[in-house]
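# Summary of the model geometry
Chain residues, written in single-letter form:
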Amino acid sequence: MPAIAHVEPLSSARALRGPFDYLLPDALGDVGVGSLLVVPFGRRRMLGVVVGLAGESAVAPERLAAPLEALEEGVTPELVRLARWVAEEYCSTPARALSLVLPPGTGYGSRPRVRARTALSASLTAAGAAALGGEGERLGPRQRAALTALAASAGSLPVAGLPSNHAGLRRLEARGLVRLERRASPRRPEHRAVGSAPAAAPELTGAQRDALGVIEAAIGAGRTERLLVHGVTGSGKTEVYLHAAGAALGRGRSAMVLVPEIALTPQIVGRFAARFGDTVAVLHSGLSEGERYDEWMRLRRGEARICVGPRSAVFAPLAGLGLVVVDEEHDASYKHEGDPRYDARHVAARRAEQDGAVLVCGSATPRPESVHALRRLVLPERVDGRSLPPVEVLDMRGAPTALHPRTREALEAVRRESGKAIVLLNRRGWSNFLCCRSCGRVWDCPHCDVALILHRAENVVACHHCGHREAVPQACDACGSVSVARHGAGTERLEHELRTALAGARFPVFRLDRDVAARRGAAHARLADFAAAPAGVLVGTQMVAKGHDFPDVTLGVVLDADATLRFPDFRAEERTFSLLAQLAGRAGRGEAGGRVLVQTLAPEAPAIGLAARHDADGFLRAELARREALGYPPFGDLIRVVCAAPEASAAQAAADALHARIAAPGAVLLGPAPLFRLRGRERRQIVVKARDRNAAVAAVGAAVDAVAGDRAHRGVALSVDVDPQ
Ligand code: ADP
Ligand code: ZN
Ligand code: ZN
C-alpha cells in the first residue's frame, strides 16, 4: 500500500517545479496517478496532480504534509504520461502540460474555476403519495399542486420548476412528504438540439471502400498504424471518417476527431452528431467553460465515446482509444501558440501510438511531412464524378487596378446570372499603411516595429500584432500636413469596392475575416447567411477557403496570390499551394460547374502554376526534394528560441549566452538574428536545425533552463518553439 504521492503543483511559473512528496492518509480515499488534489504548499493551498506513488519518501515522514482533499476531476495515468511527454518534447514545464489534460476551467488557483453544476431536486416519498390520496394531511393549494406534479413524474424534478416555493417545499420535506436533494444538472451545448437521429449513410464509392478497408483492418488488428487519406476536395473523406469511427465503436473502442476551427467547419460536427447522436461530445471554444466541462465529464465517464474538437481535443479523456482522425491536417491552427507550443498533429501521433490506436490524417493538400511519414490512401476523384474547376492565372504586373479586367467580367457575369462567388484576399482591414504625402512619415505601432492598419468602419488604425489602436490621424504630427495617403487594400476596402461595383439588393456582399469573426458565433452566422442567400459574393481572408461546402458557388477568385510567397519562411510555398488548392475546392461543387481566377504578381512561381493545374503530386515531389536539399522538415527538425527584453542589449546578451550553451552535436545554429520589436520588447532569435530531434530538444531545454535561471539575464523572456510554423 503506497503511502506517498509524488505531486506536481499546478503553477504557470517556470521556476516552480515538482514533484513534491505528500503523505497519503487513509481518509483521503482512493488516490492514484492522475488524481487531482488540493495540497498545502508553504502557506498557500494549491491544486496538484499525482504523477507517481511510492512506499516511502526520501524526506522524513514528520516533515511531509498531507493533501487536504482529493477532487473528482482527475485523469488517467495515460494522460499524465502524455502530458509529461509534451512537457519534454516542447521544452515546457510539467504543470503547464498537465493543465492541458485536466478538465476545462481547472486553472492554476487553489480550486478549479468550474465544477459540475447541480440543482436542488424534489421527489415524492411514500408518505407524500399517501397524503395526496388520503385525508389525514392538510395541504395548501400550491403544496397540493407541487405533490401532484411530482406524482405525475416518475423520478425527481428540479425545484425551480415546481408550483410551490422553496420554503413551502422545505416544510413538506420536514413533514416527510417530499425528499429534497442536490442532483447533477449538466449544461448541454445546443448543437445537439439539431438532429440527434442517426442519418443514413450513402453507399460508398470504390475508392472510399478501399481506404476504409485498410483503416478497419488496422483497427481490427488493434495495432498502431499511421495513415494519410489524400483525397481531393469533395472526394468523400468525411464519409470515410464516419465509417471508421463506427468501426472503432463496433469494436468497443472510442474515437477522436480533430478539426481545424469549429466555427468555420460546423458541418463536420453536425454530420457526426447526426450519425452518432449522444455518443458524440464536442469540445470547442464557442461553448461556455461550463458546457465544455460537462462534455469533458461525459467523455471521462464513458457516456460519450466520440470526441470532436479542435487541437486541444487531442487531450480529451477518452479511454480505449481506437481511432484518431486529424481532418484538414495541413491546417496551421493545429499548432498552439502559447506555452507549451505543441502541435496537435504530432501529439495525435504520439497519443495514437501510446493507446494502440490508428491515426488517420486527411487532406486535399497534405503536408510534405505527412506524405513522407504516413501510409497514403488516395481518393482521386470527387464523389459526384465532377472534375476540379479550371484555374486561370492572371498576371497583375503593371495592372493599374485591384481587379483584373477578366476578374471584373467574371464577377459581373455571376451577378447577371444570380450566381455565387468567393473572393479571397489574405489581408484584413482597409489599407496596409498610412503615409504622409509631404514628409513620408509612416504610421507605426508605438510598441512594435510594424505599420498600423486602417480600419475605416471603426475609424481607427490598429496593430495586427499587439492590438494597439488609435484614432485615424487628421494631420501628420511630424510636419503638420493634412494630406495622408492610404496604401494597399485589405478585405474591408475590397468589400466596399465590390459593393460599389456590383451590389444591388439582390446581389449582397458578405465579408468574413477575423474582425468580423471576433464576436462569438459571428463567423458561423456569416457563412449561414451566404449559404442561404440565393446569390452574392463572399469576400474574406483564408477563412473563406476552409472546408465549406456551398454547391452553388461557380466562381472562386484569389487576389494577390503571391502574398503568402513573400513571407521569409520555408513553408511559404506549401502555404501558397494549399491556399489556392483549397479555394479552388470551394468552387464548382454543384451542377453548374465552376472556375477559378488567380491574380498574382508572380505568375511563373511554381507553387501557383502547380496549384492551377491541380497537381498535388507534382508539388509534393518538388517540395520534398527542395526540403531534403536544405535539411528542412521532414529531413531535419527546427527549434526556434526567442529572447525578448525591453532593452536590445539584454535580449542580445541572453541570445549570445544561449548560443554558446546549446551543445547539440550535428545541429546547425542560425543567429542570433534580430526580429522586429513586439509589444515593446526587442527580440533576438536563434534557430536550431537538427538531425537528431531528441538530442537537440534536450540540449535546447537545458540551455534555456540555465540561461533563464541566470540572474545576469533576469528580465529576459525566453520562449522555445519546437517545429515552429
Ligand atoms: P470531403 O470531406 O472529401 O470534402 P465529403 O465527405 O464532405 O468530402 O463529401 C462531399 C459530399 O459528398 C458530401 O455532401 C457527402 O455527403 C457526399 N458523399 C460522400 N460520400 C458519398 C457517397 N459515397 N455517395 C454519395 N454522396 C457522398
Ligand atoms: Zn508629414
Ligand atoms: Zn503593436
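Whatever comes next refers back to the structure up there.
Please read these numbers as outputs of a predicted model, since none were measured by experiment. (Residues numbered from 1 in each chain as written. Chains lettered and ligands numbered in written order. Predicted model: local features only at pLDDT ≥ 70, side-chain atom pairs only at ≥ 80, totals over all residues. Heavy atoms only, no water.)

### As for the pattern of salt bridges
- This structure, assessed with the given rule, holds 44 salt bridges.
- A salt bridge links Arg376 to Asp617; the shortest N-O distance between them is 3.1 Å. Remark: Asp617 occurs in helix H17 (residues 616-630) and Arg376 occurs in strand E15 (residues 375-379); sequence separation between them is 241 residues.
- Looking at Asp617, the relative accessible area reads 39%, which means it is partly exposed.
- As a salt-bridge pair, Arg677 and Asp449 come within 3.3 Å of each other at their nearest N and O atoms. On the criterion of sequence distance, the pair formed by Arg677 in strand E28 (residues 668-678) and Asp449 in the loop between strand E18 (433-436) and strand E19 (453-455) is long-range, its members being 228 residues apart.
- Judged by relative accessible area, which is 45%, Asp449 ranks as partly exposed. (Salt bridge = Lys/Arg side-chain N within 4 Å of Asp/Glu carboxyl O. Helix = DSSP H or I, 4+ residues; strand = E, 2+ residues; numbered from the N terminus. Buried < 20%, exposed > 50% of the residue type's maximum accessible area, 1.4 Å probe, protein only.)

### Comments concerning the coordination of the zinc ion (ligand 2)
- Coordination sphere of the zinc ion (ligand 2), protein contribution only: Cys436 (SG), Cys439 (SG), Cys476 (SG) and Cys479 (SG), at 2.3 to 2.4 Å.
- Coordination at the zinc ion (ligand 2) is tetrahedral, judged from the four donor atoms that bind it and the angles of 104 to 115 degrees they form at the metal.
- Positions of the donor residues of the zinc ion (ligand 2) along the chain correspond to the pattern C-x2-C-x36-C-x2-C. On the criterion of sequence distance, the pair formed by Cys439 in the loop between E18 and E19 and Cys476 in the loop between strand E21 (469-471) and strand E22 (484-487) is long-range, its members being 37 residues apart.
- Judged by relative accessible area, Cys476 falls into the buried class, the value being 3%. (Donors = N, O, S within 2.8 Å, 3.2 Å for Na, K, Ca; no water. Tetrahedral: all angles 85-135°; square planar, octahedral: opposite > 155°, others 65-115°.)

### Topic: the coordination of the zinc ion (ligand 3)
- The zinc ion (ligand 3) binds to the protein through Cys445 (SG), Cys448 (SG), Cys463 (SG) and Cys466 (SG), with metal-donor distances spanning 2.3 to 2.4 Å.
- Read in sequence order, the donor residues for the zinc ion (ligand 3) give the motif C-x2-C-x14-C-x2-C. You can see Cys445 sitting in the loop between E18 and E19 and its partner Cys466 sitting in the loop between strand E20 (460-462) and E21, a full 21 residues away along the chain.
- Of the residues examined, Cys466 reaches a relative accessible area of 22% and is grouped as partly exposed.

### Topic: helix H14 (residues 522-532)
- Taken residue by residue, H14 has Ala522, Ala523, Leu527 and Phe530 as its buried positions. Down the axis of H14, the smallest arc covering the buried residues is 135 degrees, so these residues share one side.
- Contact partners of the buried residues in H14: strand E17 (420-424), strand E23 (509-512), strand E24 (536-540) and strand E25 (553-558). (Arc of directions from axis to C-beta. Contact = heavy atoms within 4.5 Å.)

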